[in-house]
Structure formats: C-alpha cells, structure tokens
Amino acid sequence: MTGRFAPSPSGRMHLGNLVSCLLAWLSVRKRNGRVVLRIEDLDTARCPRRYAEQLMKDLRWLGLDWDEGPGAAEPNGPYYQSERTALYQAALEKLMEKDLVYPCFCTRAELHAASAPHREDGQVIYSGACRNLTAAEIAAKKRPPSLRLRVPPEEWGFVDGRLGAYRENLAEDCGDFLLRRSDGLFAYQLAVVVDDAAMGVTEVVRGADLLSSTPRQLLLYHLLDLPAPAFYHGPLLLAPDGRRLSKRDADAGLDQLQNRTPEEITGTLAHWLGLNPSGEPRKAASLVSDFDWSKIPQGNLILPRDKL
Ligand code: GLU
C-alpha cells in the first residue's frame, strides 16, 4: 500500500499539522507501505520554496521519513504541485471533452451574496448563476473566468476508516465547484485527485477538516476514470478555546519548540492520540508496532494550556 502526506507549506508547521503527518506516517509504516511526500504549493506566492525546505528538515528531525518525494526516490515526480500543472490541464481537458466544465464570472462578493445558506464549515454553496450562460453572454464578459465542474444531482459517499459513513448530495450541499481559479491557479480538489492517482496512493490520511472535500474528490475520480484510495480523517488539534489551530498560533509552531527534543514532541503527540499512555518521550519509529486506528480518539483534540 502507499500513503502520503501532502502539506501546503505556507509557513512553519504547527502541532496540528504534525498530528496529521504522524498519523499518516504511522498508518503506512505499520503495514510496511510506502510513504510519499508531495508539496502542495499550487499557490506559489503563499508557499515559497524555503518553507518547503524547512518543512522537510523538520520532518526528518522528527523521524518522519518518506520513500518517494523530494530528496528520495522520484518515480512519479515532480513532487511539487507547482511543477505539475500540465497534468492538471490534461485532466481539465478530459472533463471539458465530456462537457462538464463551464466558465464562471461571479465575483467573490456575488458568490457570497447568492450562496444558499452557507454550510457549517463556512463553505459557500454555489448558486449556479453562470451554469447556463449562452455563448453570446460569455463572449460579452470582460473578465477572465474561473472554471467550474457541472455537478450531477447525485449522492457521493464513502466509509471513512475512522469516522464511518459520510455522504453528500453535491448539487445541494456544495454546488458546481471550482476546478481553476480566474487567475489560472488550479483548484486543490482537482490537483489532489490527479496527483494521488498518478502517485499510486492507495490510502489518504489527513485532518477531519477535509472530510467534506472527499465526496467532491470521489466524483472527480469517477469522472476521470481513476481508482480512488481509502480515506481516514484524523482528529484536529484545537486551541484551548476550541478554535482551529492556524499558522498564526505561533505558540503551537515548531519555531517555539526548538528547545524540545524530537522524541518529546512525537511522544506528546502520540500521547494526545491515545498511542502513548505514559506520555514519555518516544521516537516516531518506536510507535509503529503498537499503532492501531481503533486507539485514535473519536473527537478532536484540545491543545492543553501547558502544551509540551
Ligand atoms: N495540502 C492540504 C493541507 O495542507 C492537505 C491536502 C490533503 O491531505 O488532501 O491542508
């Protein structure tokens, strides 16, 4: 089997990112699979190379190694999404040939104003305003459009390895979603599907914030005739007040933890994940043999105030 981590290096990693990396890594290593590292730097302005370099240094320091990716074997490279746009373009063209793509000229403000009640996760539901524009209407527009997928009114569901059954009616719960932004950047949903398939990934482990992206990705696997992987959505690490940790929470960032040993960090993360009852310092590799998804808590994790 092959698993991966696919970080977006828009800053130094924080403990929440590391929870997801550690889980993905343990789940693969437990089954003697291959770990792929892919750098999701589609938004190159936000993800300069130096952050990716730092991220790889940090992962190595923590003992989270990879078999394929930058600095390792590269059978399915390149491993930077910013260098893979020709593949995304080819997938887009495949969807265009099936007449499943249309240009959308809505501004951000229009999208928000027209959204049916927003979803709990803040995602805007697209109203379909540009779905049936005529060729003349399109020709009259002055701005470059984004491109959207025409979503069929069907349910897409799957059984998550940790959270169980999850389904969405994409037309109602999401609407026609973006494949390419108006500035030409390909959307995460398209890129991640193209890449996981091209890299032979059979298991995706990532944070539960991406659970609701999975039905969209399953639809794309189907439309592109690609085999879909198994999915596990792991717990999120929340700030003590219940907010999601972000790169702005500097106190949970690796910058602030440089006086700790890597074993202290992996031992503590594993403790929060139910994998290291005593909380003692542990090398990542020492956690592999006892790893089991059934030990991972069902809810999210709260960052204790005293942290490490
Ligand atoms: N690049 C995404 C992130 O850093 C993760 C994508 C994925 O695992 O599918 O949040």
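Structure first, text after, so check above.
About the cut-offs
- Residues numbered from 1 in each chain as written.
- Predicted model: local features only at pLDDT ≥ 70, side-chain atom pairs only at ≥ 80, totals over all residues.
- Heavy atoms only, no water.
- Helix = DSSP H or I, 4+ residues; strand = E, 2+ residues; numbered from the N terminus.
- Buried < 20%, exposed > 50% of the residue type's maximum accessible area, 1.4 Å probe, protein only.
- Areas by Shrake-Rupley, 256 points an atom, 1.4 Å probe, with all protein chains shown as cover.
- Lys, Arg positive; Asp, Glu negative; His and termini not counted.
- Charge placed at Lys NZ, Arg CZ, Asp CG, Glu CD.
- Near = heavy atom within 4 Å.
- Polar contact = N/O pair within 3.5 Å; in protein donor to acceptor, adjacent residues only side chain to side chain.
- Nonpolar A, V, L, I, M, F, W, Y, C, P; charged D, E, K, R; others polar.
- Pairing = 2+ DSSP bridges.
- Axes fitted to C-alpha atoms, helices over the stretch in contact; angles between N-to-C directions.
- Contact = heavy atoms within 4.5 Å.
- Phe/Tyr/Trp six-rings, centres within 6.5 Å; stacked < 30°, edge-to-face > 60°.
- Lys NZ or Arg CZ within 6 Å of the ring centre and 35° of its normal.
- Right-handed = clockwise from strand over helix to strand, strands pointing away.

Draft legend 1. Representation of the overall build of the protein chain in the model. Helix and strand counts for the protein chain stand at 9 helices and 11 strands. Taken over the C-alpha atoms alone, the protein chain extends approximately 65 × 45 × 35 Å along its principal axes. Residue burial in the protein chain is summarised as follows: out of 308 residues, 49% are buried. Carbon together with sulfur atoms contributes 51% to the accessible area of the protein chain, which is approximately 14,100 Å² in total. Side-chain charges in the protein chain split into 39 positive and 40 negative, and the spacing between the mean points of these groups amounts to 3 Å.

Draft legend 2. Representation of the site of the ligand in the model. Around the ligand, the surrounding shell consists of R4, A6, P7, S8, E40, Y188, V192, R206 and L210. E40 has a polar side-chain atom sitting 2.7 Å from a nitrogen atom of the ligand. Here the ligand, which alone exposes 300 Å², has 76% of that area covered by the protein. In terms of residue class, the shell around the ligand is made up of 5 nonpolar, 1 polar and 3 charged.

Draft legend 3. Region of the structure containing the sheet that holds strand β7 (residues 178–180). The antiparallel open sheet is built from 3 strands, whose spatial order is β3-β4-β7. Each end of this open sheet is capped by a strand with a single partner; those strands are β3 (101–104) and β7. Taking the axes of each pair of neighbouring strands and ignoring which way they run, one obtains an average angle of 45° across the sheet. As defined by bridge partners, strand β4 (residues 146–149) adjoins β7 across 2 bridges and the pair is classed as antiparallel. Bridge pairing links R148 to L178 in β7. Relative to the sheet, helix α3 (residues 85–97) contacts β3, β4 and β7, its axis offset from that of β7 by approximately 125°.

Draft legend 4. Quick peek at the packing of aromatic side chains. Taken as a whole and assessed by the stated rule, the structure comprises 5 aromatic pairs. Arranged with centres 5.6 Å apart and planes meeting at 65°, the rings of F158 and F231 form a pair that is edge-to-face. Placement of the pair is F158 in strand β5 (residues 155–160) and F231 in strand β9 (residues 230–234), with a sequence separation of 73 residues. For F231, a relative accessible area of 3% translates into the label buried. Grouped by ring-pair contacts, the aromatic residues F158, Y166 and F231 constitute a single cluster. Positioned over the ring face of Y126 is R148, at 3.7 Å from the centre of the ring.

Draft legend 5. Structural view of the pairing of strand β1 (residues 2–5). The two faces of β1 match: T2 and R4 on one face and G3 and F5 on the other face are all buried. Two strands pair when backbone bridges link them, and β1 and strand β2 (residues 34–37) are joined in this way by 4 bridges, in the parallel orientation. Within β2, the position partnered with R4 by the bridge is V36. A crossover links β1 with its parallel partner β2, the connecting element being helix α1 (residues 15–30), and its sense is right-handed.

Any functional reading would require information that these geometric values do not contain.
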